Amino acid sequence: MNGSARRQWLVARREWNQRLRTLAFRISTVISVVIVVALILVPDVYGEGANERTVGVVGESSRELPQLVRASGDQLDLSVETRAFADEPAGRAALRSGDVAVLLVDQQRLVWKAEPEEQLQVAVTSAVQVLQRREAIAELDLTPQEAQRLLGAPDLSSASLGSIAQQRSEREELAWIGLLVLFTAIAFYGGFLLVGVVEEKSSRVVEVLLSRLRPSELLAGKILGIGLVGLAQLALVAGSALIALRFSENPTATTTPSTIGWIVIWFILGYGFYSVLYATAGSLVSRQEEAQSIQFPISAILIVAYLLSMQATQSPDGTAALVGSLLPPTAPMVMIVRIAHGSVPLWEIVLSIALITATIYGMIRLAGRIYAGAVLRIGPRLRLREAWRRAEA
Amino acid sequence: MLEIHDLTKRYGDVVALDGTTFSAAPGRIVGFLGPNGAGKTTTMRAIFGLMRPDRGKILWRGKPVGLPERGRFGYMPEERGLYPKMRIGEELIYFAELSGMSRTAAKEAADGWLGRLGLADRAGARLEELSHGNQQRVQLAAALVHDPELAVLDEPFSGLDPLGVASLGEMLLQTAATGVAVVFSSHQLDLVEDVCQDVVIIHHGRVVLAGVVEELKASSPHRSLEIAVDGNPWVPVLPSSTVTSKRDGRLRVLVDASVDVADVLASASRVGEVTMFSFEPPSLTDLFLAAVSEGGRS
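Residues numbered from 1 in each chain as written. Chains lettered and ligands numbered in written order. Predicted model: local features only at pLDDT ≥ 70, side-chain atom pairs only at ≥ 80, totals over all residues. Heavy atoms only, no water.

1. Quick word on the sheet that holds strand β8 (residues 181-186) of chain B
Residue and element names in this part refer to chain B.
Point 1. A sheet is described by the order of its strands in space; here six strands give the open sequence β6-β7-β8-β3-β9-β10, paired in mixed fashion. If you trace the sheet from one side to the other, it starts and ends with β6 (73-76) and β10 (206-212), each paired once. Within the sheet, the average angular offset between the axes of one strand and its neighbour, ignoring direction, is 15 degrees.
Point 2. Two elements, strand β3 (residues 29-33) and β8, share five bridges in a ladder whose sense is parallel. Bridge pairing in β8 places V30 opposite V183.
Point 3. Of the strands in this sheet, β3, β6, β7 (150-153), β8 and β9 (198-203) are in contact with helix α1 (residues 40-47), which crosses β8 at around 145 degrees.
Point 4. Here helix α6 (residues 162-177) sits on the sheet in contact with β3, β7 and β8, set at roughly 150 degrees to β8. (Pairing = 2+ DSSP bridges. Helix = DSSP H or I, 4+ residues; strand = E, 2+ residues; numbered from the N terminus. Axes fitted to C-alpha atoms, helices over the stretch in contact; angles between N-to-C directions. Contact = heavy atoms within 4.5 Å.)

In structure tokens:
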């Protein structure tokens, strides 16, 4: 290893050793692992709780209804029971208290507590539909074979419709979790870096350091060291998630394992982009109190990226999502959402990675100069242009 | 040999360095002295590339100083600066390694320094847990841990009590005795008189006096005369004398070196009982004041 590489490595190793020891790191690691594993396993522990529904039935209703509702529920991975009530007020009371998820009145109307549940609505509607057709068939006086042909179709179409909807909601959930993990990790480790840069300035240790190494070496070493800590934590969480998945019997999106892998890759790219911004911001101020205000513009960009990604969970193939997944500041988070949905062509991912990598390279060159101009300056907050000029002088 | 030649630096209208020139030799301690704002820190920062001068050269063994040379220098900045939350043993190892030492050598050197400072049992303590004096010692150790050929210490004595000054002075002497060129700065000229062998006095960014302390004192055209006469505030009528202090009936004047000492003592005895009398080479402060006033005249 030559002198420069060795010095960068020493800086990175110091960050690694020091950060790994902090309480913040240990606590956040434990919490992240627990949350992610719980998200995957807890529905198991509660049995089928998440998929159990009870339909309240009031008024005119066929004796065959409970069995038909159960059957159409099964097609949608829902375990649906029925419960009869004497009158509508009693049924409404049960609906309000949450004993039943929906109330079917006279096989005509569905009454919901709040938002209709798409899946359950499909299950009940198709059961009622079957009943109505049977009545119609009885009136038409058809042979059993003819009746069977008429009745078979709705069941089939209902099953395939339901399964797509199910996958879709699971992918949406996955996208949402991936987005949250990525956003938290980038903001957390970016903030770590900023505080570290300011700490070196405020304790003046930077003077001793820069008498022994170049500003760019110090900057690169710090970004690398803290990034490795973040990567290690993320790998630990991702690893626990993959292990938990093997033991879980919950239905999960088919894109889950690959999305977990992509989260790690997009963390590297997202951290690479934002860490340079955070480190540059840190070099402009001299005191920890100023660190809060200087990181505001960066946090604002991160939050815009987050909001755009939230929107992308709803329409992962829309124009906004496409553009967002290519622009470097928003790409990591928007892309992970689209990847979770499993609808991104490979060339778009490759293009997005190429764009962000090129941007990071350019930013490191710019930031290195600003950092060098600003990091030795103690006093009031520096303007970017001033730092730029100082490095030149 | 460190050679600083014609260093010049302006900050807007303020001239921080105005052709500063001096050198430091291996095995000797140079006191880099001058009042606050004279340009001491600016010069030292320039040696470590923390400030880029507008003009001038800094040479080590005849070569311009760059990063490889600085790896063989040790620096203790005025504002200090170590990681407050790091364990001091690790901190010393880190700085030794950054200067190019192998990990094993760095560990050995750090242990050696902690032992020498009487902090061997506290290697695992965080810097911020130590007393002020001990923090200062660790800071010095961080500057010297990699066995530098040149040690540059900015105000190493500031904030130390007399015992601390004495023990730090002793440490600098030991360091210089191993062949290290030591340069330290101070604005308290008299405090460090006994520590430095060579002196460079800087004022408004210009070196006004430089040389071996004893030689400068001996070759001075002045002598410091101190006298106390019981009950009588007494002013000797002497040619070209300047009163430098008058306190508790004790008088200190700067006189011509050619003054007849016996004569002065005799005339003092006629006024009253002489309780104190000394005739010595001038102090560094005297030399500094003389140099500055001469500089003003020229």
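2. Observations regarding the interface of chain A and chain B
Point 1. Listed per partner, the contact involves 26 residues of chain A and 32 residues of chain B.
Point 2. Carbon and sulfur atoms make up 53% of the area that chain A and chain B hide from each other, which totals about 2,500 Å².
Point 3. Here chain A is connected to chain B by five salt bridges.
Point 4. Of the charged contacts, one joins A:E207 and B:R45 as a salt bridge, the two residues approaching to 2.1 Å between their closest N and O atoms.
Point 5. Counting across the interface, chain A meets chain B through 11 residue pairs in polar contact (both at pLDDT 80 or more).
Point 6. For the side of chain A that touches chain B, the secondary structure elements donating two or more residues are α1 (3-21), α6 (144-202), α7 (205-210) and α15 (384-392) of chain A.
Point 7. Tallying contributions element by element places α1(A) first for the side of chain A that touches chain B, with eight residues. (Buried area = accessible area lost by both parts, 1.4 Å probe. Salt bridge = Lys/Arg side-chain N within 4 Å of Asp/Glu carboxyl O. Polar contact = N/O pair within 3.5 Å; in protein donor to acceptor, adjacent residues only side chain to side chain.)

3. Some points on the nonpolar core
Point 1. Counting 150 residues, the largest nonpolar core has A:L209, A:W266, B:L92, B:Y94, B:F95, B:L153 and B:F184 as the members making the most contacts within it.
Point 2. Listed in part, the 16 residues of the second largest apolar core include A:V57, A:V80, A:V102 and A:V124. (Core = buried A, V, L, I, M, F, W, Y, C linked by side-chain atoms within 4.5 Å. Buried < 20%, exposed > 50% of the residue type's maximum accessible area, 1.4 Å probe, protein only.)

4. Thoughts on the side chain of A:E348
Point 1. Counting through the fold element by element, A:E348 comes out in helix α14 (residues 346-374).
Point 2. Ignoring anything within four residues of it in the chain, the contact list for A:E348 reads A:L322, A:L326, A:M335 and A:R338.

5. Points about the pairing of strand β1 (residues 2-11) of chain B
Residue and element names in this part refer to chain B.
Point 1. Pairing of β1 with strand β4 (residues 55-60) involves five bridges; the strand directions are antiparallel. Across the sheet, residue I4 finds its bridge partner in β4, namely I58.
Point 2. Where β1 meets strand β2 (residues 14-24), eight bridges bridge the pair, whose relative direction is antiparallel. The partner of I4 across the bridge, within β2, is F22.
Point 3. The turn joining β1 and β2, which pair antiparallel and follow one another in sequence, is formed by two residues; a positive phi near 65 degrees is taken by G12.

6. Some words on a nonpolar patch on the surface
Residues and elements named next belong to chain A.
Point 1. Where nonpolar side chains cluster on the molecular surface, the patch consists of L23, I27, I31, I35 and L39 and spans about 470 Å² of accessible area.
Point 2. Counting through the fold element by element, L23 comes out in helix α2 (residues 23-45).
Point 3. With a relative accessible area of 60%, L23 lands in the exposed category. (Patch = residues over 30% accessible without salt bridge, like charges linked within 9 Å, V, L, I, M, F, W, Y side chains within 5 Å. Areas by Shrake-Rupley, 256 points an atom, 1.4 Å probe, with all protein chains shown as cover.)

7. Regarding the packing of aromatic side chains
Point 1. Evaluation of the coordinates by the stated rule reveals 14 aromatic pairs over all chains.
Point 2. Pairing B:F48 with B:F73 gives two aromatic rings, centres 6.0 Å apart and planes at 90 degrees, and the pair type is edge-to-face. On the criterion of sequence distance, the pair formed by B:F48 in the loop between α1 and β4 and B:F73 in strand β6 is long-range, its members being 25 residues apart.
Point 3. Pairwise contacts between aromatic rings join A:F188, A:Y189, A:F192, A:F267 and A:Y271 into one cluster.
Point 4. For the cation-ring pair, A:R14 lies above B:Y83, with the distance from its terminal atom to the ring centre recorded as 3.4 Å. (Phe/Tyr/Trp six-rings, centres within 6.5 Å; stacked < 30°, edge-to-face > 60°. Lys NZ or Arg CZ within 6 Å of the ring centre and 35° of its normal.)

8. What about the domain arrangement of chain A?
Point 1. Its domain assignment divides chain A into domain 1 (10-44 + 164-392) and domain 2 (52-151).
Point 2. Summarising the inter-unit geometry, the C-alpha centres of domain 1 of chain A and domain 2 of chain A are found 49 Å apart. (Domains from an automatic or database assignment.)

9. Description of a positive patch on the surface
Point 1. Side chains of A:R381, A:R383, A:R385 and A:R389 sit close together on the surface and give a patch of like positive charge.
Point 2. Structurally, the position occupied by A:R383 is in the loop between α14 and α15. (Lys, Arg positive; Asp, Glu negative; His and termini not counted. Charge placed at Lys NZ, Arg CZ, Asp CG, Glu CD.)

10. Thoughts on the pairing of strand β13 (residues 250-256) of chain B
All names here are of chain B.
Point 1. Counting buried residues in β13 gives five out of seven residues, a clear majority hidden from the surface.
Point 2. Across seven bridges, strand β11 (residues 222-229) lies against β13 in antiparallel orientation. Its bridge partner being in β13, R223 is matched across the sheet by V255.
Point 3. Direction of pairing for strand β12 (residues 242-247) relative to β13: antiparallel, over a ladder of five bridges. Among the inter-strand pairings, T242 is bridged to a residue of β13, identified as L254.

11. Let's talk about helix α3 (residues 88-98) of chain B
Point 1. Of all 11 residues that make up α3(B), 10 are buried, and the element is covered over most of its length.
Point 2. Listed as buried for α3(B) are B:I88, B:G89, B:E91, B:L92, B:I93, B:Y94, B:F95, B:A96, B:E97 and B:L98.
Point 3. As for α3(B), its buried residues are in contact with α1 and α7 of chain A together with α4 (103-116) and α5 (132-144) of chain B.
Point 4. Trailing α3(B) by a residue or two, B:G100 shows a phi angle of about 105 degrees, which is positive.

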